[in-house]
Amino acid sequence: MIRAHTAADVRTAEEPLLAAGEPLMDRAAFALATHVAAELRERGHRIPGSVILLLVGGGNNGGDALFAGSHLARRGCQVHAAVLAEHPHAAGLAAARAAGVRVHELAGAPDLNDAVTALARRAGVWVDALTGIGARAPLREPLAGLVTALAAERAASPDEPVVVAVDVPSGIGVDDGAVPGPVLPADVTVTMGAAKPGLLLPPAAALAGRVEVVDVGLEGGLAGQAPAVCRLSATDVADLWPLPGPADHKYTRGVLGVVAGSQTYPGAAVLAVAGAVRTGLGMVRYHGPEIPTSLVHARHPEVVTAPGRVQAWAIGCGIDPDDAARAQEMERGFAAGLAARVPVVLDAGGLSLVHDDAHADLPATVVLTPHAGELALLLTARGEDTTREDVDAAPARHARLAAEVTGATVLLKGPTTVVAAPDGPLYAQADATPWLATAGAGDVLAGVLGALLAGYGDALAVYAEGRLAGVPASLAAAAAYVHGRAARLAAGQGTPPRPRDVIFSVRRASHGEDDISRHTTTGQGGPISALDVAVALPAAVAGLLR
Ligand SMILES: NC(=O)C1=CN([C@@H]2O[C@H](COP(=O)(O)OP(=O)(O)OC[C@H]3O[C@@H](n4cnc5c(N)ncnc54)[C@H](OP(=O)(O)O)[C@@H]3O)[C@@H](O)[C@H]2O)[C@@H](O)CC1
Ligand SMILES: [K+]
């Protein structure tokens, strides 16, 4: 699991180490230099003679780059430092000069953008060390204008330079993933001590490139701090998976009640049921009108239509809330779920059930699965005026707000899926493929999540007593992971990345570098349908349980 910690938590963890004289910046700088060298090697460049440009701000983030630059200069690189602050890190500057780094003091220069762009044109690697966790986004002028000019220069450059961000791409919201102003998109972000929330959360995460976490010795200090954002890996999902035992039967494995599909949108029923059945559970009880029922039975003869006890509900896929009969059926299922205190997934039309506060203060075992537009509608209906654009600009904040307003857990669908409960960490899962943006994919996800929740059976009913606090959110993140993994398999793109907590350990003198966002199989993949995703689910689950 990747655990991302806020800037404040990182500072709290580093304080006693700095007071004890631990050389945190040396570790950070050495790892940064090693990663820059690795990028050069990976692109087939020799390290001696390579031209590197450091973009140096006035804080310790700039200090990291200056010390790293001195290592690289000693390895024969031609290193230029564009120093953009009046008072850069003094020791870093001295070390850089001593090692032969060419220092260009450009703070206050009238032709700043031209001067830096001219240096940038000659360099194969740009190291973005303008600001790190000590800065408040957005970047101020003149750095904002400079970053805009460099981003344009890079986009126009025929042999794209590699951009390595130090700790975070300068200008992102470190704690919330916001992008309130210009940011130079990075190929790699080398982050110190722990991942930061903005490296996992949309929209900033998309500007961080591959994220490398450097162990500088903070893990002890961070162990007592709850992470702000988590990302599950295959191992975490496998640990959460409800495995059937020899004594299990269909009722103990979990029964899911599904209220999905309508005469107008019958296919949604098939997809939601397929998602559930192929994720694995004891049984599905389907509640719907004639056409969707016969389609469901044609594909899944094992599905039962008789009413009876269930351990979870999935409600709303393919249902127009204006369809009075279907709306009544949704309400019946929801009320039954709440009364029995079993988990309920509300998707698509089912979200209308929480547009008013008739069901105020829901338990976190109710999981809402909106996309950005549906979340904006829900928040607006609950008195928090919100547009789709607002949600896109700050997905995590709005998912958390919806969780606080309703009490429910919220899984906000998107290229990176964000899960928020009223408390506890956020989850940010980026396991899927752009091919998954296709009709019906959300119906399959509702089925996957319903099956997982049903698999926990009545255990989740005690959630109200707090024994399994946080489990609905982690199961929602696990559902997003498996859904994404199945989509990648279906699209021929292999499995999602395998994140690890610490990738590069300087203190352990490890040279076993890896990264947290490189996929095991690359390639563009190919188109998929929602049904393809459902079909790939058993293989996706089997692969992760191996
Ligand atoms: N965690 C760890 O283990 C380790 C962390 N380390 C490193 O320390 C970094 C944190 O360093 P830090 O605290 O010195 O702050 P930093 O990010 O350089 O920013 C301050 C500078 O930015 C400027 N500035 C601020 N806002 C701005 C804006 N909107 N727009 C423009 N400028 C703005 C501000 O100027 P001022 O506002 O003061 O005029 C000042 O010059 C951290 O990210 C990591 O890289 C390693 O060295 C050791 C191990
Ligand atoms: K930076």
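Criteria and cut-off values
- Here the residue numbers are simple positions, counted from 1 along each chain's written sequence.
- Written order decides the labels, with chains lettered from A and ligands numbered from 1.
- The predicted nature of this model means local features are confined to residues of pLDDT at least 70 and side-chain atom pairs, given and counted, to a pLDDT of 80 or more, with totals for whole chains, interfaces and linings taken over all residues.
- Only hydrogens and water are set aside when side-chain values are computed; all heavy atoms of the structure are taken into account.
- UniProt positions are given in the numbering used here, feature names are shortened, and annotations may be inferred rather than shown by experiment.
- Coordination partners: N, O, S within 2.8 Å of the metal, 3.2 Å for Na, K and Ca; water not considered, so apparent gaps in a site are possible.
- When four donors show all angles between 85 and 135 degrees the site is tetrahedral, when four or six donors have opposite pairs over 155 degrees and all other angles between 65 and 115 it is square planar or octahedral respectively, and in every other case it is irregular.
- The helix and strand labels rest on DSSP assignments: H or I over at least four residues marks a helix, E over at least two residues marks a strand, and numbering proceeds from the N terminus.
- Summary of the burial criterion: residues with accessible area below 20% of their type's maximum are buried, those above 50% are exposed, and those between are partly exposed, where the area comes from a 1.4 Å probe applied to protein chains only.
- Contacts between residues were defined by any pair of non-hydrogen atoms, one from each residue, lying within 4.5 Å.
- By the criterion applied in these results, polar contacts are pairs of N or O atoms within 3.5 Å in which, for protein atoms, one can donate a hydrogen and the other can accept it, and in which residues neighboring in sequence qualify only through two side-chain atoms.
- Multiplying 1.5 Å by the residue count of a helix minus one yields the expected span of that helix.
- When we say a residue is near a molecule or strand, we mean one of its heavy atoms is within 4 Å of it.
- Only the protein chains shown count as covering a residue, and every accessible area follows the Shrake-Rupley method with a 1.4 Å probe.
- What makes two strands pair is DSSP finding at least two bridges between them.
- Think of it like this: strands point away, you trace from the first strand over the helix to the second, and a clockwise trace means the crossover is right-handed.
- Where each domain starts and ends comes from a domain assignment, either automatic or drawn from a database.
- Note on terms: buried area is the combined drop in 1.4 Å-probe accessible area of two parts once they are placed together, counting the loss on both.
- For this analysis, a salt bridge means a side-chain nitrogen from Lys or Arg found within 4 Å of a carboxyl oxygen belonging to Asp or Glu.
- Here the term charged refers only to Asp, Glu, Lys and Arg, the term nonpolar to Ala, Val, Leu, Ile, Met, Phe, Trp, Tyr, Cys and Pro, and the term polar to all other amino acids, Gly among them.

- For the protein, the name recorded in an unreviewed UniProt entry is Bifunctional NAD(P)H-hydrate repair enzyme, with Georgenia yuyongxinii as its organism.
- Checking UniProt for the protein, the heading Subunit (unreviewed entry) contains the comment "Homotetramer."

Considering the coordination of the potassium ion (ligand 2)
Turning to step 1, where the next piece is worked out: The potassium ion (ligand 2) binds to the protein through Asn 61 (OD1), Asp 128 (O), Thr 131 (O), Val 166 (O), Val 168 (O) and Ser 170 (OG); the donor distances cover 2.6 to 2.9 Å.
Turning to step 2, where the next piece is worked out: One way to put it: the six donor atoms around the potassium ion (ligand 2) meet at angles of 69 to 171°, and that makes the site irregular.
Turning to step 3, where the next piece is worked out: Along the chain, the residues donating to the potassium ion (ligand 2) are arranged with the sequence spacing N-x66-D-x2-T-x34-V-x1-V-x1-S. Of this pair, Asn 61 sits in helix H3 (residues 60–74) while Asp 128 sits in strand S5 (residues 125–129), and the two are 67 residues apart along the sequence. One exposure class covers both Asn 61 and Asp 128, and it is buried.

Looking at the UniProt feature "binding site: K(+)" (unreviewed entry) in the protein
Turning to step 1, where the next piece is worked out: Under the local residue numbering, the UniProt record ascribes the feature "binding site: K(+)" (unreviewed entry) to Asn 61, Asp 128 and Ser 170. Spatial clustering of the annotated residues is evident: they stretch over 110 residues in sequence, but the largest pairwise C-alpha distance comes to 9.5 Å.
Turning to step 2, where the next piece is worked out: Contacts of Asn 61, omitting those with residues within four sequence positions, involve Asp 128, Ala 129, Leu 130, Thr 131, Gly 132, Val 166 and Asp 167.
Turning to step 3, where the next piece is worked out: Owing to a relative accessible area of 2%, Asp 128 belongs among the buried residues under this scheme.
Turning to step 4, where the next piece is worked out: What Asp 128 contacts, discounting residues up to four positions off in sequence, is Leu 55, Asn 61, Val 164, Ala 165, Val 166, Pro 169 and Ser 170.
Turning to step 5, where the next piece is worked out: At 3.3 Å, the side chain of Asp 128 forms a polar contact with the backbone nitrogen of Leu 130.

A word on unusual backbone geometry
Turning to step 1, where the next piece is worked out: With an omega of 0°, the peptide bond running from Ala 137 to Pro 138 counts as cis.
Turning to step 2, where the next piece is worked out: Cis rather than trans, the peptide bond between Glu 141 and Pro 142 has omega equal to 5°.
Turning to step 3, where the next piece is worked out: Here Pro 142 is to be found in the loop between S5 and helix H6 (143–156).
Turning to step 4, where the next piece is worked out: At Ala 348, a residue that is not glycine, the phi angle is positive and equals roughly 45°.
Turning to step 5, where the next piece is worked out: Within the fold, Ala 348 resides in the loop between strand S13 (344–346) and strand S14 (366–368).
Turning to step 6, where the next piece is worked out: Given a relative accessible area of 25%, Ala 348 falls into the partly exposed group.

So, helix H2 (residues 24–42)
Turning to step 1, where the next piece is worked out: When the terminal C-alpha atoms of H2 are compared, their 27 Å separation across 19 residues agrees well with the 27 Å that a helix rising 1.5 Å per residue should span.
Turning to step 2, where the next piece is worked out: Where burial is concerned, most of H2 is hidden: 15 out of the 19 residues are buried.
Turning to step 3, where the next piece is worked out: Directly after H2, the chain includes Gly 44, whose backbone phi takes a positive value near 80°.

Some words on the site of ligand 1
Turning to step 1, where the next piece is worked out: Near ligand 1 lie 23 residues; those nearest to it are Arg 11, Asp 64, Gly 132, Arg 136 and Asp 167.
Turning to step 2, where the next piece is worked out: One nitrogen or oxygen atom from the main chain of Asn 60 is found 2.8 Å from an oxygen atom belonging to ligand 1.
Turning to step 3, where the next piece is worked out: Contacts to ligand 1 include Asp 64, whose side-chain N or O atom sits 2.4 Å from an oxygen atom.
Turning to step 4, where the next piece is worked out: Burial of ligand 1 by the protein amounts to 79% of the accessible area it has alone, namely 940 Å².
Turning to step 5, where the next piece is worked out: At the level of secondary structure, the elements contributing two or more residues to the shell around ligand 1 comprise helix H1 (7–19), H2 and H3.

Thoughts on helix H17 (residues 441–455)
Residue pairs spaced three or four apart in an α-helix point in one direction, given the helix's 3.6 residues per turn.
Turning to step 1, where the next piece is worked out: Between its first and last C-alpha atoms H17 spans 21 Å; for 15 residues at 1.5 Å apiece the expected length is 21 Å, and the two agree.
Turning to step 2, where the next piece is worked out: The buried count for H17 comes to 14 of 15 residues, which makes it a mostly enclosed element.
Turning to step 3, where the next piece is worked out: One or two residues past the end of H17 sits Gly 457, with phi positive at roughly 55°.

Thoughts on the pairing of strand S11 (residues 283–286)
Turning to step 1, where the next piece is worked out: Of the two faces of S11, both are covered, the one formed by Met 283 and Arg 285 as well as the one formed by Val 284 and Tyr 286.
Turning to step 2, where the next piece is worked out: The pairing of strand S10 (residues 255–259) with S11 spans four bridges and is classified as parallel. The partner of Val 258 across the bridge, within S11, is Tyr 286.
Turning to step 3, where the next piece is worked out: The parallel pair S10 and S11, bridged by helix H11 (residues 267–279), forms a crossover whose chirality is right-handed.

What about the domain arrangement of the protein?
Turning to step 1, where the next piece is worked out: Taken domain by domain, the protein comprises domain 1 (2–226) and domain 2 (234–491 + 526–545).
Turning to step 2, where the next piece is worked out: Here the C-alpha centroids of domain 1 and domain 2 sit 40 Å apart.
Turning to step 3, where the next piece is worked out: On the domain 2 side, the residues contacting the four residues of domain 1 number eight residues.
Turning to step 4, where the next piece is worked out: Here domain 1 and domain 2 share an interface that buries about 480 Å² over both sides, 73% of which is from carbon and sulfur atoms.
Turning to step 5, where the next piece is worked out: Sorting the residues of domain 1 by area buried against domain 2 places Leu 201, Pro 202 and Pro 203 first, and these three jointly supply 72% of that buried surface.
Turning to step 6, where the next piece is worked out: For the pair domain 1 and domain 2, the interface holds zero salt bridges.
Turning to step 7, where the next piece is worked out: Across the domain 1-domain 2 interface, the total number found is zero residue pairs in polar contact (both at pLDDT 80 or more).
Turning to step 8, where the next piece is worked out: Tallied by class, residues from the side of domain 1 that touches domain 2 come to four nonpolar, no polar and no charged.

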